[in-house]
Amino acid sequence: MNSLICGSLAFDNIMRFEGKFSNSLLPDQLDKINVSFYSPTMKKEYGGCAGNIAYNLKLLNGNPLIVSILGKDGSSYLKHLKYLGISNKYIQKINSMFTAQCFIVTDVNNNQITIFHPGAMQLSYDDNCINNADIKIAIISPDNCCNMIKHIKKILKLKIPFIFDPGQSLSMFTKEELIKIIKKSSYIIVNEYESKLLVSKTSLSLQKINEQVKVLIVTRGELGSDIFLNNERKIKIPCVKADRIVDPTGCGDAIRSGVLFGIINNLDWYTTGRLSSLMGAIKISHQGGQKHCPSLSEIDQRFKEAFGYRYN
């Protein structure tokens, strides 16, 4: 079965600051910030939430269909996806603008400062080409806010259940828009900070939000994640220990691929959460969002070693 991955495709410019951001920030001077962080290295990687989610789902032998926009410099990304065996059926290329660019600086505590230039992503997506052929689930990941709303309307029209994954785009939605989306969503996934922002913007408690969807997932970094089921039962998923901590960029996207895989294959939520946690641990031990390349057998073996059984 296919999964519709709506979101951004971008080039990630990844840098490392060998210090702590906090040492350069004065709490009483935050309204007058003038700082510089020295990074001796920079790597340009394929990224964007939709690209990263699709990449990880493909590692699990899923069949992702990306819904996104590339700019006039996006030919190399299309070749990259073709090499991976990921369809470009729903990817639109605009020749008047550049592809979205993300500049990410990470310090020694894995705190990140990100600057994002939307490029072609800020343009309106033409969704007339999308159909529901063999699509079991969709995910609405961070993108141009208007496109996210447009994709939701299209998906609802096609009667495809979807995961709402607002991420860094959460602040762009109004209270009314978020409440409407929550009511239409089948699943919601946010990190801990985003969960607090979602509660603040909607004036709804996590319990009230959970009552309106099948499953609410809150990821908590090294503390694992909480999966709230609609019957008010909470499943606590531990964080899988990574081989090494290299780069957190794209870890959340890797986790989301495990959620998609679990839904597509009707896995129970304990197994789905554990697989998601493992995918995040595999990703964090590599630079960039799409440089890790474990085989299916390696993923299966690591899952068995961590949890004592096979996920598939």
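Residues numbered from 1 in each chain as written. Predicted model: local features only at pLDDT ≥ 70, side-chain atom pairs only at ≥ 80, totals over all residues. Heavy atoms only, no water.

## Points about the environment of D300
And then number 1: Examined against the element boundaries, D300 turns out to sit in helix α9 (residues 296-307).
And then number 2: Sequence-distant contacts of D300, that is, excluding residues within four places in its chain, are made with R310, Y311 and N312. (Helix = DSSP H or I, 4+ residues; strand = E, 2+ residues; numbered from the N terminus. Contact = heavy atoms within 4.5 Å.)

## Points about the nonpolar core
And then number 1: If you look at the biggest cluster of nonpolar residues, it comprises 48 residues, and the most contacted ones within it are I163, W269 and I299.
And then number 2: Every residue in contact with I163, bar those within four places of it in the chain, is listed here: I137, A138, I139, I140, Y187, I189, V259, L260 and I263. (Core = buried A, V, L, I, M, F, W, Y, C linked by side-chain atoms within 4.5 Å. Buried < 20%, exposed > 50% of the residue type's maximum accessible area, 1.4 Å probe, protein only.)

## Observations concerning the packing of helix α4 (residues 175-184) against helix α5 (residues 192-202)
And then number 1: Where α4 contacts α5, the axes come no closer than 9 Å and their chain directions differ by 110°. Relative to α5, the element α4 is oriented roughly perpendicular. Note that α4 runs across α5; the crossing there is left-handed. Judged by residue contacts, K175, L178, I179 and I182 of α4 engage L198, K201 and T202 from α5. (Axes fitted to C-alpha atoms, helices over the stretch in contact; angles between N-to-C directions. Parallel < 35°, antiparallel > 145°, perpendicular 65-115°, else oblique. Left-handed = near helix turned anticlockwise from the far one by under 90°.)

## Details of α5
And then number 1: Turning to α5, its buried residues are E194, S195, L198 and T202. In a view along the axis of α5, the buried residues occupy a sector of 105°, so they form one face of it. The outward face of α5, more than 90 degrees from its buried face, is lined by the exposed residues Y193, K196 and S200.
And then number 2: Elements that come into contact with the buried residues of α5 comprise α4, β10 (187-191), α6 (206-211), β11 (215-219) and α7 (251-264).
And then number 3: Capping of α5 at its N-terminal end is provided by N191; its side-chain oxygen lies 3.2 Å from the backbone amide nitrogen of Y193.
And then number 4: Among the residues trailing α5, S203 stands out with phi positive, at a value near 65°. (Arc of directions from axis to C-beta. Polar contact = N/O pair within 3.5 Å; in protein donor to acceptor, adjacent residues only side chain to side chain.)

## A few points about the pairing of strand β4 (residues 63-70)
And then number 1: By the criterion of burial, β4 is predominantly enclosed, with seven of the eight residues buried.
And then number 2: As paired elements, strand β1 (residues 2-6) and β4 share five bridges and run parallel to each other. Its bridge partner being in β4, N2 is matched across the sheet by N63.
And then number 3: Bridge count for β4 against strand β5 (residues 91-93) is three bridges, and the pairing is parallel. Among the inter-strand pairings, S68 is bridged to a residue of β5, identified as I91. (Pairing = 2+ DSSP bridges.)

## Describing the pairing of β10
And then number 1: Of all five residues making up β10, four are buried, and the element is well covered by its neighbours.
And then number 2: Running through α4, the crossover from strand β9 (residues 162-164) to the neighbouring parallel element β10 is right-handed.
And then number 3: Relative to β11, β10 runs parallel, the two sharing five bridges. Note that in β11 the partner of Y187 across the bridge is V215. (Right-handed = clockwise from strand over helix to strand, strands pointing away.)

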